[in-house]
Protein chains: 2
Amino acid sequence: MTQAMNGAESLVRTLVAGGVEVCFTNPGTSEMHFVAALDKVPGMRSSLCLFEGGATGAADGYFRMARKPASTLLHLGPGLANGIANLHNAKKARSGIVNIVGEHATYHLALDAPLTADIEGLARPVSHWVKTSLSSAEVGQDGSEAIVAARTAPGQIATLILPGDTAWETGGNVANVAPMPELPGIDSAQVDRVAQALRRSENAIILVGNAGLDPETFNRIAQIAQATDCALMTDWANARVDRGAGRISAPRIPFNVDLAIEALRGFDTIILIGARKPVAFFAYPGKPGEFAGPGTTFIELAGTAEDIPAAVDALLDATGAATTTPKLIAQSFGPEIPVGPLDPDAIGAVIGATLPEGAIVVDESVTTGRGFFPVTSGAPPHTWLYNCGGSIGFCLPVATGAAMACPDRKVVALTGDGSAMYTLQSLWTMARENLDVTIMVFANQSYHILTGELTNVGVKNPGPRAADMLSLRRPDLGWVRMSKGLGVDAVRVETTEELARAFRAGLSENGPYLIEVVL
Amino acid sequence: MTQAMNGAESLVRTLVAGGVEVCFTNPGTSEMHFVAALDKVPGMRSSLCLFEGGATGAADGYFRMARKPASTLLHLGPGLANGIANLHNAKKARSGIVNIVGEHATYHLALDAPLTADIEGLARPVSHWVKTSLSSAEVGQDGSEAIVAARTAPGQIATLILPGDTAWETGGNVANVAPMPELPGIDSAQVDRVAQALRRSENAIILVGNAGLDPETFNRIAQIAQATDCALMTDWANARVDRGAGRISAPRIPFNVDLAIEALRGFDTIILIGARKPVAFFAYPGKPGEFAGPGTTFIELAGTAEDIPAAVDALLDATGAATTTPKLIAQSFGPEIPVGPLDPDAIGAVIGATLPEGAIVVDESVTTGRGFFPVTSGAPPHTWLYNCGGSIGFCLPVATGAAMACPDRKVVALTGDGSAMYTLQSLWTMARENLDVTIMVFANQSYHILTGELTNVGVKNPGPRAADMLSLRRPDLGWVRMSKGLGVDAVRVETTEELARAFRAGLSENGPYLIEVVL
C-alpha cells in the first residue's frame, strides 16, 4: 500500500484479497485503469466477453459453482444495460456478483457527454446494493463493502460505479473485507410448529427452494419427509441441484399451470424451506396465479436469508428423523435410445444414457427439454443449473462461468435456438478460454414455446403475421457456420444415431463443441 | 370500435391511425395479444428481431429517415433492458420511438413471478415519457399520448408498459392522436443579439447540431456564415446529415481532444444552432473537458425544442444574407484508389469513389473510419447517420431501420468488428426482410480505439493481460461464416482491389451483402 497506488489498483487488490478472483470484462475508455491494474496485481483471472450479457451471465454461473462471487467490468450505463437481463436472472437465483461499472470522471458528468446516463438508476432494479465511489481514497473501502454485499446470504448483486478520476488518481487504499455477519439464530418455536404440522397432517408436502438444495441439507430434508410420510418437491426453477445416482430425487413443480395445480392438489399443508408460495410464471385469462388451493396452510421453516441448514437440523431432531435412512435413487440410464428421427423424447434418451459423472448441465432447453430432468434422475452424479429469472439468453453465458469455476468438470449446455441467439457471443469466450463445454442447440427454428402460449392466453386461429413473429425461418439459422465463425467446432445432426455419436464426440473433446440438433 | 375489441387491438389501431406504421418486435407470452392483433389491423408492418437491441436501434434508424416514429414490442423488464443501449443512442440523437413493453397482468404482479421487475425504473433513464396502462379501456388513450410524446420536437423516447390483462380484456377504445402543440415563437431579441455578435466579431463560428441540419435550414445557415464571413462547423456526432455534391459541406468538430481544441482555437464567439457547448467524449487526466477556451462567448440562436428553421429564417433577414448564394461543394470522388494492402486511407478512397447517389451511410467505423467523412464530401448526394450516444452496437440495427424506411435507397453500413459483435443478430432481420444493405465490417481484430485510449488516459507500457482485454484474436472472428449463418451472403477481402470489386458487387445486389474487410 503506497501513496502512488491509484484507485483502480486499490480496488483490484481489495477484490483479490476478498476472494474475488475472476473478472468477466467488456471494458471501454473509462475502465482502462482497471484493465491496466490487472497486470500489476497477481491473482485476478480476467476473461473478455464480446457482449456484456455474456459477462453478467458468466458471473452468475461462476457463483453457482464456486459458491463465491466473481466480478464483472462494464462500460458506463449502456454497458451495464446490456448486462441487465442476465443480472435479473442472477438476482432471482440469489447469486452473488460484484459489478464494477466505469463512469465518467466526477467533474466530467456536468458536461453531459454522449455516454452520460443515470447509471445508478439503471443498476437499482437489478441490484441489492449500489454505490458510486467519490474519491480514489475510498475506492478500496467501497470495494470491500461491495464484496460483503455480494456474499450476504444467499447471495446478492452489488454494483459499484467507478468514476474515471477515482480510478486514476493516486491515494488508493487496499481495504480488508469485513467478516460476514452471523446469520440470525433459528426460531425454535417455528421449528416446533413445523414438526407439529407434519405430525398432524395426513397430506403435507415439503417444498424446497434453492437455499435448501445443497446435498447434505437436502438429504436431511428427505429424511424428514420420509420419517413423517410427507411428499417432497422442489421449485420449478432451481439455481443449482446436485443430483443423480446415489442422491435424493425429487420432482419439480411443473411449469404448466394446469399440471402444477394438479401436482399440488390434495395437499392441505405446504412446508416451505427456502421456497416461496408456488405461483404461475405468467397470468393466463381465467386461470389462477397461485398453484395451491385456497384452503392450503403454508408454514415456512426458514427463508433464504436465514440459516436453513441449522433449521433443517433442528427439524430433523424435532421429527425424530435423524435415524431414518433416506431413499436414494439408483443408477439408471433412462429409456432405451430409439433410432431414426429426432424428437424431444429421443434427445432425452440420448442425454440420459450418456451424461457423464460430474457433468454440470446448464438447462435452457425450454420446450424441447421439458422431459430431460426426469430421464436423467438416475444418471451418474451431476449438477443441474436452471434459469430462475425467465430472461432468455441465459444458457451460454452461465455455461461459460460454470466452466471457469470448475475446469475439471464437463459442462453440458442445453439451449433452444431462439434463446441461444440473444447471447451467442459467449461461444467466442468459450473458445478463447478453451472451456470444456458441450453445447446442444435445439434447432426447431421457432419461438416454439410461444405457439403454445398464444393458445394459453386465449388467442384462437392466429393469422400469418402473428405466426411470422414466432418463426425463426426465412432464413434458417446456420448454427454450424455461426459457431465456427466464433471459433467453436460444430456439427449438425438430424437423427438420433447422429446425435448420440456427436454427443460422445463432444464429451471426448477437451474444449467447446457445438451440436446443432435439428428438430 | 366495438365493445368486443380488446386493449391490444385498440392500441394497434391507435398506433396505425397515429402514423406509427412499423413495429420492430421481440415478443414473449405477455405480448401475445398484441401479436395477434397485428393480423386484425391492416397497416402495421411488423418485423421480428432476434435481440431487442436490434429492435430499438432499428426504430432509431427508421425515425432518422422517415422522420416519424416506429414502435418496438419488448418482453417485460429484461426485454426492455436488452434494448436500452440503443435507446440511449436514440435518446441522444433525439429520435422519436414508441416502445410497447409487455408486463404481467396487473393482479399477477403481487405474486412476484420470475420475470417480475421494475420496468418503469428501467425505462426512466432512457425515456422522456413512461406510463403503465391500468385498464383495457385506457390503453388506446395511453397509446395516443405515447405517440404525441414520441413526436414532440425534435423527437422523444416514449415507453408504454402494457400489463397482460389490459391487452386481453375487452372494452378497448381507439383514440385519436392530438395535434402536435405549436413550437414556441422565436425570440426576436435573441435573433438580433446573434446578428449583432456576428457583425461585431472578427472570429465567430456557427456550430450546428442535428436539428439545424435539414438541407433547407442548413443551406440558409451557410448563407448566413458566408454573408457574415464566419466559420461553420457541425457537431462530431450528427443524427443525420444530407450531404454530398451540390450541398453544403462543413467539417465536424474532431473526436480527439487535442484536435478539437485546435479546431476551435481563435474563435472568440460561438453561435449555437441546435447544438450544445462542445465537450470531450471522455475526461482524460490533465486535459480539459470543454473544447472552447475560457474567454469564448457562447450565444444560442435556438435550442432543439424550439423552431430552428424559423429562427434561422429570421437570422437570414437580420444579417441581410438572403441574397447570398451559398457555396455548394462540387462533385468529386476523393483521392485515387491505391493498389495493394488495405488501410483506412485505401478504404476511404474506395468508398469516396464508389458511394452511389442516394446512399444512406450508417457510420460506426470508429478508428478505421475517421477519414471517411471528408473523402466523401463531394460524392453524389447521400445521407450520413452517426452514433450520437456512444454506445456501440449501433450500426447494424440502425441500418436495418433506415432500410425499412427507405426501400428505394441503398444503405451502406460501416462498422468496426468489435462494434458489430454486440448486435450481429440484426443481419438475420436484414435477410428476412431482404433489406438493401451493403455492410463493411472492418476486421482489425481488436478494440483498436482502446489501445489509443490506454495511452490517452496515461497508462504507459500496458502488460499482456491488459493487451488481452483489447484483442479480438484467439480465436479470430470469422465474419463470412457468421454472416452466412445468419442468412446474409458475405465475402472476405484482403486487398484494395478486392474491396473495390466486392463493394461494387454489394451495391449491385438487391438485398443484404457483407464484406469482411481484413486490416
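Residues numbered from 1 in each chain as written. Chains lettered and ligands numbered in written order. Predicted model: local features only at pLDDT ≥ 70, side-chain atom pairs only at ≥ 80, totals over all residues.

Engineer: Can you lay out the domain arrangement of chain A for me, pointing to particular residues and giving the numbers?
Structural biologist: Residues and elements named next belong to chain A. When its domains are assigned, chain A resolves into domain 1 (7-168), domain 2 (188-318) and domain 3 (344-518). Averaged C-alpha coordinates put domain 2 and domain 3 at centres separated by 29 Å. Within the side of domain 2 that touches domain 3, the residues separate by chemical class into seven nonpolar, four polar and five charged. (Domains from an automatic or database assignment. Nonpolar A, V, L, I, M, F, W, Y, C, P; charged D, E, K, R; others polar.)

Engineer: Can you lay out the interface of chain B and chain A for me, pointing to particular residues and giving the numbers?
Structural biologist: Taken together, the contact between chain B and chain A spans 82 residues of the former and 82 residues of the latter. With eight residues, the top contributor of residues to the side of chain B that touches chain A is helix 4 (residues 76-93) of chain B. Tallied by class, residues from the side of chain B that touches chain A come to 46 nonpolar, 23 polar and 13 charged. (Contact = placed C-beta atoms within 7 Å. Helix = DSSP H or I, 4+ residues; strand = E, 2+ residues; numbered from the N terminus.)

Engineer: Describe the relation of the copies chain B and chain A, with residues and values.
Structural biologist: Turning one copy of the chain about an axis and sliding it along that axis gives the other copy, so a rotation and a shift relate them. For the pair chain B and chain A, the superposition axis carries a translation of 0.0 Å, the fit reaches an RMSD of 0.0 Å, and the rotation angle comes to 180°. In the structure described here, the two chain copies are related by an operation that fits a two-fold rotation axis. Proximity to the rotation axis, assessed at the C-alpha, singles out Met482 of chain B in chain B; its C-alpha lies 2.2 Å from the axis. Most of the interface of chain B is mirrored in chain A, where 100% of its interface residues again form contacts. (Least-squares fit on C-alpha atoms with pLDDT ≥ 70 in both.)

Engineer: Which residues make up helix 14 (residues 395-405) of chain A, and what are the values?
Structural biologist: Across the 11 residues that make up helix 14 of chain A, a large majority, 11, are buried. Cys395, Leu396, Pro397, Val398, Ala399, Thr400, Gly401, Ala402, Ala403, Met404 and Ala405 of chain A are the residues of helix 14 of chain A that are buried. (Buried ≥ 20, exposed ≤ 12 C-beta atoms within 10 Å, placed from the backbone.)

Engineer: Residue-level account of the pairing of strand 15 (residues 437-443) of chain B, with values.
Structural biologist: All names here are of chain B. By the criterion of burial, strand 15 is predominantly enclosed, with seven of the seven residues buried. Taking every second residue as pointing to the same face, both faces of strand 15 are buried, with Val437, Ile439, Val441 and Ala443 on one and Thr438, Met440 and Phe442 on the other. Two strands pair when backbone bridges link them, and strand 14 (residues 411-416) and strand 15 are joined in this way by six bridges, in the parallel orientation. For Leu414, the partnering residue across the bridge sits in strand 15 and is Met440. As judged from the six bridges shared by strand 15 and strand 17 (residues 513-518), these two strands associate in the parallel manner. Following the sheet pairing, Ile439 is matched in strand 17 by Leu514. (Pairing = 2+ DSSP bridges.)

Engineer: So, the sheet that holds strand 13 (residues 382-386) of chain A: which residues are in play, and what are the values?
Structural biologist: All names here are of chain A. Across the sheet, which stays open at both edges, the seven strands sit in the order 9-13-12-14-15-17-16 with mixed pairing between neighbours. The sheet is open, and its two borders are formed by strand 9 (241-243) and strand 16 (489-493), each paired with just one other strand. Across the sheet, the mean angle from the axis of one strand to that of its neighbour is 20°, orientation sign disregarded. (Axes fitted to C-alpha atoms, helices over the stretch in contact; angles between N-to-C directions.)

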